[in-house]
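Examination of the molecular architecture
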Amino acid sequence: MRDLFRVRRMWRPRGELKDSYDVVIIGGGSHGLATAYYLGQQGITNVAVLEQGYVGSGAAGRNTAILRSNYKTPEGARFYDASVKLYEGLSRELDFNLLFSQCGHLTLAHSDRAMFVMANRAEVNQLEGIDSRLIGPDEIKALCPALRLADDAEYPVMGALYHPPGGIIRHDAVVWGFARGADRAGVEIHPYTQVTGLERVNGRIVAVRTNRGTVRAGTVISATAGWSTLIGELAGVALPITTHILQACVTEPLKPLLDVVVVSSQMHVYISQSDRGEFVMGSEIEPWTTYRMQGTLNFLQELSRHVLELFPQLEHARLLRAWAGLCDLSPDYSPILGATEVGNFHISAGWGTYGFKAAPIVGVTLAELVATGRVPELIAPFSLERFYTDDLVSELAAAAVSH
């Protein structure tokens with residue numbers, strides 16, 4: 001009778017660490033688990049994913065789950081477009097409902113300069129075959145009737161960059177789906193396993209020290225948002241990254257009002273409504289560097305003020321909860337992805353506030369890099385080397401608000 005009520009686990013319980021692995025992945029979030037999953041697709045299954053907390057406890061569980069590809073640079077637009085396309089088929093591939101809603105994405109423009117920037121981004125996107133265009137107030141009103149478009153508003157809406165493929169997804173489902181897929185391929189997932197050191201011999205990492213023992217490793221991949229510089233130091237790799245906190249909050253569930261993602265770079269606010277009716281809202285990263293993940297009253301005050309300027313109907317909505325997460329930010333607001341000067345040490349870092357969007361394509365490209373030893377063309381522009389050759393990929397214009 002007991003077997004009839006036994007709940008099938010999403011993935012196997014944590015076992016003992018083996019003496020060695022072909023690949024050790026540091027970080028059990030969306031990037032680490034996606035990489036493990038796609039390594040399994042490449043036939044590489046002697047893999048350990050080491051997570052210092054529970055699976056998905058880091059940035060993957062603290063983001064606002066917005067997906068888009070309407071970036072400013074051709075390199076960024078191509079990269080994120082490939083990721084969105086993978087997301088579109090990911091529920092079917094993983095046999096797991098990720099609740100991906102491609103409801104559309106509006107980036108509002110409140111000035112002539114902002115209109116020029118949006119038009120420029122639309123042209124870059126269209127040249128890359130990405131569905132993105134500049135629209136006026138009338139079309140904005142048709143897409144989002146609840147949005148306040150008054151001429152006397154403090155931030156009048158002059159237009160918007162409309163990106164139909166953008167939308168929202170269930171972030172924890174993405175993590176669980178990749179974890180289950182990797183586990184079924186034979187990958188070992190080790191939560192509550194903290195990396196304490198990396199042993200380097202003749203320019204290569206030969207072993208990973210953890211709070212549960214030391215394991216030998218053929219390849220080591222760091223996929224730890226917020227903690228990237230600390231892991232880099234263990235490997236002897238200096239990363240040009242600063243760590244900030246990003247805050248977000250949700251309201252109580254309300255009747256459906258908003259079926260498109262709305263973003264304002266000038267007001268530093270983004271807002272969407274979940275399937276459960278909660279309004280998910282966020283703002284910019286905090287300007288100071290810290291690892292202290294505590295919310296602030298100032299964030300709630302400023303965010304509420306700007307949200308009510310756009311949606312005054314939410315005046316009496318009650319906040320349900322708020323949270324903060326860690327973001328590692330590179331000088332050009334683009335990721336650092338791929339190989340390093342340490343032969344077998346690869347990284348996925350510097351994602352700022354938009355790493356979750358990239359999880360599938362990061363997994364595909366890092367798995368290809370490990371399996372073939374060749375750098376995939378799609379991630380070549382994001383190498384750590386660019387900071388020494390002055391080949392930066394500036395995404396500041398497309399990352400002016402953290403989403």
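One structure accompanies this document, and this report is about it. (Residues numbered from 1 in each chain as written. Predicted model: local features only at pLDDT ≥ 70, side-chain atom pairs only at ≥ 80, totals over all residues. Heavy atoms only, no water.)

1. As for helix α9 (residues 359–372)
- Along its 14 residues, α9 runs 20 Å from first to last C-alpha, staying within 8% of the 20 Å computed at 1.5 Å per residue.
- Within α9, ten of the 14 residues are buried, which leaves it mostly tucked inside the rest of the structure.
- Here α9 has its buried residues at A359, P360, I361, V362, G363, T365, L366, A367, L369 and V370.
- Backbone geometry just downstream of α9 places G373 in the positive-phi region, at approximately 80°. (Helix = DSSP H or I, 4+ residues; strand = E, 2+ residues; numbered from the N terminus. Expected span 1.5 Å × (residues − 1). Buried < 20%, exposed > 50% of the residue type's maximum accessible area, 1.4 Å probe, protein only.)

2. Quick look at the nonpolar core
- Membership of the largest hydrophobic core comes to 50 residues, with the highest contact counts inside it found for F79 and F178.
- Every element with two or more residues in this core is listed here: β1 (20–26), α1 (30–41), β2 (47–50), α2 (74–88), α3 (90–94), α6 (171–184) and α9.
- Setting aside residues up to four positions removed in sequence, F178 forms contacts with S30, L33, A34, Y37, Y38, L90, L94 and P360.
- Membership of the second largest hydrophobic core comes to 25 residues, among which are Y162, V260, F279 and F311. (Core = buried A, V, L, I, M, F, W, Y, C linked by side-chain atoms within 4.5 Å. Contact = heavy atoms within 4.5 Å.)

3. A short note on the packing of aromatic side chains
- Applying the stated criterion across every chain yields a total of twelve aromatic pairs.
- Taking 4.1 Å as the distance between ring centres and 10° as the angle between the ring planes, the aromatic pair formed by Y71 and Y80 counts as stacked. We note that Y71, like Y80, is buried.
- Taken together, Y71, F79, Y80, W351, Y354 and F382 form an aromatic cluster joined through their ring pairs. (Phe/Tyr/Trp six-rings, centres within 6.5 Å; stacked < 30°, edge-to-face > 60°.)

4. As for a nonpolar patch on the surface
- Taken together, the side chains of W227, L230 and Y291 make up a nonpolar region of the molecular surface, amounting to roughly 250 Å² of accessible area.
- Relative to the assigned elements, Y291 resides in the loop between β15 (279–282) and α8 (297–310). (Patch = residues over 30% accessible without salt bridge, like charges linked within 9 Å, V, L, I, M, F, W, Y side chains within 5 Å. Areas by Shrake-Rupley, 256 points an atom, 1.4 Å probe, with all protein chains shown as cover. Salt bridge = Lys/Arg side-chain N within 4 Å of Asp/Glu carboxyl O.)

5. Side note on the pairing of strand β9 (residues 195–201)
- Pairing analysis gives six bridges linking β9 to strand β10 (residues 204–210), with the strands arranged antiparallel. When the bridges of β10 are listed, L198 appears paired with V208.
- Between β9 and β10, which pair antiparallel and follow one another directly, the connecting turn spans two residues, one of which, N202, has a positive phi of 50°. (Pairing = 2+ DSSP bridges.)

6. Focus on the environment of R133
- Within the element layout of this structure, R133 appears in strand β5 (residues 133–135).
- Taking the relative accessible area as the measure of exposure, R133 reaches 32% and is therefore partly exposed.
- Between the C-alpha atom of R133 and that of V208, which follows or precedes it by 75 residues, the distance is 48 Å.
- Ignoring sequence-local partners within four residues, the contact set of R133 consists of A122, Q126, E139, A160, L161 and Y162.
- Within the structure, R133 has its side chain in polar contact with the side chain of E139 (distance 2.7 Å). (Polar contact = N/O pair within 3.5 Å; in protein donor to acceptor, adjacent residues only side chain to side chain.)

7. Notes on the pattern of salt bridges
- Under the counting rule described, the total for this entry stands at 15 salt bridges.
- Here E154 and R305 are joined by a salt bridge, their closest N and O atoms 4.0 Å apart. You can see E154 sitting in the loop between α5 (137–143) and β6 (159–163) and its partner R305 sitting in helix α8, a full 151 residues away along the chain.
- For R305, a relative accessible area of 36% puts it in the partly exposed group.
- Two residues, R305 and E309, come together in a salt bridge whose shortest N-O distance is 3.5 Å. Of this pair, R305 and E309 both sit in helix α8, separated by four residues, roughly a single helical turn.
- Sharing partners across several salt bridges, the network here consists of E154, E302, R305 and E309.

8. A closer look at the packing of α2 against α9
- Contact pair α2 / α9: the axes reach a minimum separation of 7 Å and the direction vectors enclose 100°. Viewed along their axes, α2 and α9 adopt a mutual orientation that is roughly perpendicular. Residues F79, A82, S83, L86 and Y87 of α2 touch α9, and the partners they reach there are A359, P360, I361, V362 and V364.
- Of the residues contributing to the contact of α2 with α9, the split by class is nine nonpolar, one polar and no charged. (Axes fitted to C-alpha atoms, helices over the stretch in contact; angles between N-to-C directions. Parallel < 35°, antiparallel > 145°, perpendicular 65-115°, else oblique. Nonpolar A, V, L, I, M, F, W, Y, C, P; charged D, E, K, R; others polar.)

9. Some words on the sheet that holds strand β12 (residues 242–251)
- Taken together, eight strands build an open sheet; the order of strands is β5-β6-β4-β13-β14-β15-β12-β16 and the sheet is mixed. The strands lining the two open edges of the sheet, one partner per strand, are β5 and β16 (319–329). Adjacent strand axes in the sheet meet at a mean angle of 20°, parallel and antiparallel pairs treated alike.
- Pairing analysis gives three bridges linking β5 to β6, with the strands arranged antiparallel. In the sheet register, L134 faces β6, and the bridge partner there is L161.

10. Quick look at unusual backbone geometry
- Its identity as a non-glycine residue notwithstanding, D95 has a phi of 55°, on the positive side.
- Tracing the backbone shows D95 in the loop between α3 and β4 (105–109).
- The exposure class of D95 is exposed, given its relative accessible area of 59%.
- A positive phi angle is found at H268, which is not glycine, with a value near 55°.
- Taking the relative accessible area as the measure of exposure, H268 reaches 33% and is therefore partly exposed.

11. Focus on the packing of α1 against α9
- At a minimum axis distance of 7 Å, the contact between α1 and α9 shows a crossing angle of 50°. Taken together, the axes of α1 and α9 are oblique relative to one another. In the crossing of α1 with α9, the sense of the turn from one axis to the other is right-handed. Between α1 and α9, the contacting residues are S30, H31, A34, T35, Y38 and L39 on the first element and A359, P360, V362, G363, V364, L366, A367 and V370 on the second. (Left-handed = near helix turned anticlockwise from the far one by under 90°.)

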